[in-house]
Amino acid sequence: MPWETVIGLEIHTQLATQSKIFSGAATAFGAPPNTQACAIDLGLPGVLPVLNEEAVRLAVRFGTAIEAEIAERSVFARKNYFYPDLPKGYQISQYEQPVVGRGQVSIQLEDGRQKAIGVTRAHLEEDAGKSLHEDFHGLTGIDLNRAGTPLLEIVSEPDMRSPEEAVAYARKIHQIVRWIGISDGNMQEGSFRMDANISIRPQGQETFGTRAEIKNINSFRFLERALRFEIERQIDVIEGGGQVVQETRLYDAERDETRSMRSKEEANDYRYFPDPDLLPLVIDADFLAAATADLPELPDAMRERFRRDHGLSDYDANLLTASRALAAYFEQVAAACGDAKLAANWIGGDLSAALNKAGLEIGDSPISASGLAGLLARIQDRTLSGKLAKQVFEAMWGGEGDADAVIAAKGLRQITDTSAIETLIDAIIAANPGQVEQYRAGKDKLFGFFVGQVMRASKGQANPEQVNELLKAKLAG
Amino acid sequence: MHKKTIAELDRGLRQGDYSSVELTQHYLARIERLNPRLNAYITVDGDRALAAAERADSRRRQGQAGPLTGIPIAHKDIFCTQGLKTSCGSRMLDGFVAPYNATVVERLEEAGVVMLGKTNMDEFAMGSSNETSWYGPVRNPWDETRVPGGSSGGSAAAVAARLCAAATGTDTGGSIRQPAALCGLTGLKPTYGRVSRWGMIAFASSLDQAGPMTRSAEDAALLLQAMAGFDPRDSTSAQEPVPDYLTGIGQDLKGLRIGLPKEYFGKGLDAGVAASIEAAIAEYRRLGAEFRDISLPNSPLSVPTYYVVAPAECSSNLARFDGVRYGHRCQDPRDLTDLYTRSRAEGFGAEVKRRVMIGTYVLSAGYYDAYYLKAQKLRHLISDDFRRAFAEVDLILGPTSPTTAFPLGAKADDPVAMYLNDIYTIATNLAGLPGLSLPAAPAAGLPVGLQLIGDYFQEARLLNVAHQLQKATDWHLASPPSFD
């Protein structure tokens, strides 16, 4: 039987605030355990939460970026459960009235079509602490540095139909949160964590199958593998005559499988109710306007503009809008050299390859946008051939100065003087009478041999087009 | 010295009749001698108190003393005090020392008060007789076989027995006013949000409010002046400006419209209490007030509403007492569940457990709508009753408690009978309104509380109306004979 997969994602993204969502403690990653937890984070008796306005501002920016409704009034609720790294015995979250309502994002399918994925809601909440099981023999340590870190939980509709779509959606959200600067999106540090709800149903059936929830996935690769495994598992269960159980599962990357964590029966009754320590969150028009006034052009809009105004291919437009810094770099180079296609080729080609190889982000590139534009200008004015330009690029990458300095220092200027090239050609023809004879007898393939000889004689500096042209004329006799 | 009100003590301090150190020594000596009879204090810290008294005296010498500087008071043991045990009347927090002061403690400290110690209370403020304390019951100074009321029973007994000049309390359903009534004091529960809850261990966050327990309305005005005001650490504290309460208590009562809710004078009200309230009404008539009969039709629903809302919030507020980070931890837990269950089973008393269980139940899936949501709706109806009433009258008057102090143990095994003690006080907490209890004429030798309920942020009016009665009568001056 052909099966259809249905996937929805819950993404927890850490908001890039200096302090915690309900206390003044710092949120910086990597401090020694319990050094960034104040009385409020520890849940001492008598302490009270006070909402961090910056967290609200960042949530509102996200909502606006996905064209969602921003709730004028939203409510913080307590999610009650006992766990050692949950100091108060409840997590402050939003339940019935989240700050960000229904929105959507667009993902690109493999065939190039766009598909809209609904975002049900996004709500503000505090993170829990961390249990440390390794370092304490027979005991568990608790680190509450992370407790109270602001999170935006972004909940999607069950709109994805394959692991690829799920990954595309997750990448899209990841791109947006970083693009608009609300999160560093750092997955190693837990700033972007995914829970996947997945079920299968016979192709054509309308009602959903029973879902399993895979918790706490922290890479796109693991997301894809976990979902693949889970699809196979659920198909096996059903085709083996069994039933999928509603449960929470964990993905074990080492064994590449998902494992049951707890079933629905063992699930907590969270006893949500409005937190009486916090007033309803009211967002007025002024706050909304101020929070979103400086929202940058979003990646989808920018990609469209690149295609429309610069005539870029889908591939290039996508690549160059992978991050805001890359797009800005491209725009600067394209504006300086006036040839967007040329800029796109170099940024997408040599520069990206060099960055990847060195493990650098565009912001760390040793060649600045104006530096690259300087190089492209020398290609455009025919000072450099493509091949020479690559040499200059490498020298620039190695810190040998800007394009003009490298050209001067290495004497890499392209030879475009016709008489100089003719002199070289004459010498080659004179030195290779046998080959000339064969060529003239019809062995066309030898043309490449002559080009190579001339280029070598010019130390690669002769303009290849002129070499072609003049060689053809001379060989023709 | 101990017979004086704060206002009188301040005069003595200013005139140099005695120093704050002498005053503090006097109270410490009384506590040492008399507290064993009452069990009003959980913690007394003489050294700390005397050091504070010395600072107060030196401040006075520098000409920087205010009306509370050098006045020895006590804090209910629900307020966190930096460096001094804060138990909340519970084994769970026996030995807990907070690294910070509650805003109430901090503000009174800034005003220069001397903290003698921390007073006994019902465990986590859950009770109306002070019998649920891990530290044992408090006795009523008027009759040591009777309860002082609760939950601020230690504060009430300490002020009534003159073991401090005044005390702080907290009131979630009547916990300031009812013990004030049973011990013959003036006790004020301010409007919700008037006084910061920071550092005050939460019972039911949407109902809890701190307030003064004093010998007179004037003293209550002095204390509230220091306690009240916006606090950025408490999101529910009000931005409303704080008026000058002392200048507010000089107004005559001519033309004041006072409402008498018929629901507060019906079945269940002790005849002696009723007679005292009638006498107070007659006195207010002489002072120029006009009385109208009003109705608060939903007030019979306030007790059941309260016993859904308060336990729901407390079940969540008390979840942090899990034996993991501080507080009582059981010996040698086998695993996490054992750590939780035994620590909490050992650390909490029966009444706390009862309310945690009720609260957990009313919030659970399938019951939330029927209990918690319905209670929230009733809360609105109860508030609407008051809104309508305050369109017609300036103030509402009635008894604070249906009876005078009852014998220790009389209701300890009957939670519902105990809960009905707060039948006249609970509605104001649900509505967030200010309420004040002041002594009416005693009944059969025991104090009777007269309750005044005002509109939001009308504390100044309540204090004035109480003060006018206290100028005209001497009911509030009576003190328990055996603690003279």
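Residues numbered from 1 in each chain as written. Chains lettered and ligands numbered in written order. Predicted model: local features only at pLDDT ≥ 70, side-chain atom pairs only at ≥ 80, totals over all residues. Heavy atoms only, no water.

**Q** Provide a residue-level description of the overall build of chain A, including the pertinent values.
**A** For chain A, the count of helices and strands is 16 helices and 15 strands. Relative to a compact globule of 477 residues, whose C-alpha radius of gyration would be 23 Å, chain A shows 30 Å and is clearly more extended. Taken over the C-alpha atoms alone, chain A extends approximately 95 × 55 × 50 Å along its principal axes. A burial count over chain A gives 51% of its 477 residues as buried. Taking the contacts inside chain A whose residues are at least 6 apart along the sequence as the reference set, 68% of them involve residues at least 24 apart. If the 51 positive side-chain charges of chain A are averaged to one point and the 69 negative ones to another, these points end up 4 Å apart. (Helix = DSSP H or I, 4+ residues; strand = E, 2+ residues; numbered from the N terminus. Rg over C-alpha atoms; globule rule 2.2 N^0.38 Å. Buried < 20%, exposed > 50% of the residue type's maximum accessible area, 1.4 Å probe, protein only. Contact = heavy atoms within 4.5 Å. Lys, Arg positive; Asp, Glu negative; His and termini not counted. Charge placed at Lys NZ, Arg CZ, Asp CG, Glu CD.)

**Q** Which residues make up the sheet that holds strand β2 (residues 72–76) of chain B, and what are the values?
**A** All names here are of chain B. One open sheet holds the eleven strands; their spatial order is β1-β3-β2-β4-β6-β5-β10-β11-β9-β7-β8, and the pairing between them is mixed. The sheet terminates laterally at β1 (41–44) and β8 (290–294), the two strands that pair on one side only. On average, each strand axis in the sheet is inclined to that of its neighbour by 30°, with strand direction left out of account. Running at roughly 120° to strand β9 (residues 395–399), helix α12 (residues 369–390) makes contact with β8, β9 and β11 (446–453) of the sheet. (Pairing = 2+ DSSP bridges. Axes fitted to C-alpha atoms, helices over the stretch in contact; angles between N-to-C directions.)

**Q** If you had to explain the pattern of salt bridges to someone new, which residues and values would you point to?
**A** As enumerated under the stated definition, the model contains 61 salt bridges over all chains in all. For Asp 171 of chain B, the salt bridge is made with Arg 177 of chain B, and the minimal N-O distance between the two is 2.8 Å. One connected set of salt bridges, linked through shared partners, spans Arg 78, Asp 275 and Asp 277 of chain A together with Arg 197 and Asp 234 of chain B. (Salt bridge = Lys/Arg side-chain N within 4 Å of Asp/Glu carboxyl O.)

**Q** Break down the nonpolar core for me, with residues and values.
**A** In this structure, Phe 124, Tyr 284, Phe 386, Leu 397 and Leu 452 of chain B are the most contacted members of the largest nonpolar core, which totals 159 residues. Dropping the residues within four chain positions of it, Phe 124 of chain B is found in contact with Cys 88, Ser 90, Met 92, Leu 93, Ile 201, Phe 203, Leu 318, Phe 321, Phe 348 and Val 352 of chain B. If you look at the next biggest cluster of nonpolar residues, it comprises 103 residues, including Ile 200, Tyr 251, Leu 312 and Leu 375 of chain A. (Core = buried A, V, L, I, M, F, W, Y, C linked by side-chain atoms within 4.5 Å.)

**Q** Give a detailed account of the packing of aromatic side chains, specifying residues and quantitative values.
**A** Residues and elements named next belong to chain B. All told, the structure shown has 28 aromatic pairs over all chains when counted by the stated rule. An angle of 45° between the planes, with centres 5.5 Å apart, marks the rings of Phe 96 and Tyr 326 as tilted. Of the two residues, Phe 96 sits in the loop between β2 and α4 (103–110) while Tyr 326 sits in the loop between α9 (302–317) and α10 (336–347), which places them 230 residues apart along the sequence. There is no split in this pair, since Phe 96 and Tyr 326 are both buried. Ring pairs connect the aromatic residues Phe 96, Phe 124, Phe 321, Tyr 326 and Phe 348, which therefore count as one cluster. One cation-aromatic arrangement involves Lys 411 over Phe 406; the distance from NZ or CZ to the ring centre is 4.3 Å. (Phe/Tyr/Trp six-rings, centres within 6.5 Å; stacked < 30°, edge-to-face > 60°. Lys NZ or Arg CZ within 6 Å of the ring centre and 35° of its normal.)

**Q** So what's going on with the confidence of the model for chain B? Residues and values would help.
**A** For chain B, per-residue confidence averages 97 on the pLDDT scale, and 100% of positions sit at 70 or higher. This complex was scored by the predictor with a pTM of 0.91 and an ipTM of 0.96. (pLDDT = per-residue confidence, 0-100.)

**Q** Outline the sheet that holds strand β4 (residues 90–94) of chain A, supporting the account with residue identities and numerical values.
**A** Pairing between the strands of a sheet is mediated by backbone hydrogen bonds and can be parallel or antiparallel. An order of β4-β3-β14 (chain A) is seen for the three strands of this open sheet, with the pairing classed as antiparallel. A strand with exactly one partner marks an edge of an open sheet, and here the two such strands are β4 and β14 (273–274) of chain A. The pairing of strand β3 (residues 76–80) of chain A with β4 of chain A spans five bridges and is antiparallel. Looking at the pairing, Ala 77 of chain A lines up with Ser 93 of chain A of β4 of chain A. Running at roughly 65° to β3 of chain A, α9 of chain B makes contact with β3, β4 and β14 of chain A of the sheet.

**Q** Report on the interface of chain B and chain A, specifying residues and quantitative values.
**A** Between chain B and chain A, the residue contacts involve 39 residues of the former and 30 residues of the latter. Both sides of the chain B and chain A interface together cover about 2700 Å² of buried area, and 60% of this is carbon and sulfur. Three residues stand out in chain B for area buried against chain A, namely Ser 235, Arg 320 and Arg 325 of chain B, and they jointly supply 22% of the buried area on that side. Connecting chain B to chain A are one salt bridge. Counting every contact that joins chain B to chain A gives 17 residue pairs in polar contact (both at pLDDT 80 or more). (Buried area = accessible area lost by both parts, 1.4 Å probe. Polar contact = N/O pair within 3.5 Å; in protein donor to acceptor, adjacent residues only side chain to side chain.)

**Q** Give a description of unusual backbone geometry that names residues and reports values.
**A** Residues Gly 150 of chain B and Ser 151 of chain B are joined by a peptide bond in cis, for which omega reads 5°. As for its position among the elements, Ser 151 of chain B is in the loop between β3 (114–119) and α5 (153–160). Look at Glu 67 of chain A: it is not a glycine, yet its phi comes out positive at around 55°. Summarising the element assignment, Glu 67 of chain A is placed in the loop between α2 (53–65) and β2 (73–74). Overall, Glu 67 of chain A belongs to the exposed group, its relative accessible area being 66%.

**Q** Go over helix α7 (residues 217–227) of chain B, please, and point to the residues and values.
**A** Of all the eleven residues making up α7 of chain B, nine are buried; the element is thus mostly covered by neighbouring parts of the structure. Ala 217, Asp 219, Ala 220, Ala 221, Leu 222, Leu 223, Leu 224, Ala 226 and Met 227 of chain B are the residues of α7 of chain B that are buried.

**Q** Which residues make up the environment of Leu 469 of chain B, and what values go with them?
**A** Residues and elements named next belong to chain B. Examined against the element boundaries, Leu 469 turns out to sit in helix α15 (residues 459–472). When the C-alpha atoms of Leu 469 and Ala 280 are compared, they prove to be 8.1 Å apart, with 189 residues separating the residues in sequence. With residues up to four places along the chain from it excluded, the contact list for Leu 469 reads Ala 280, Glu 283, Tyr 284, Leu 287, Leu 438, Leu 450 and Trp 475.

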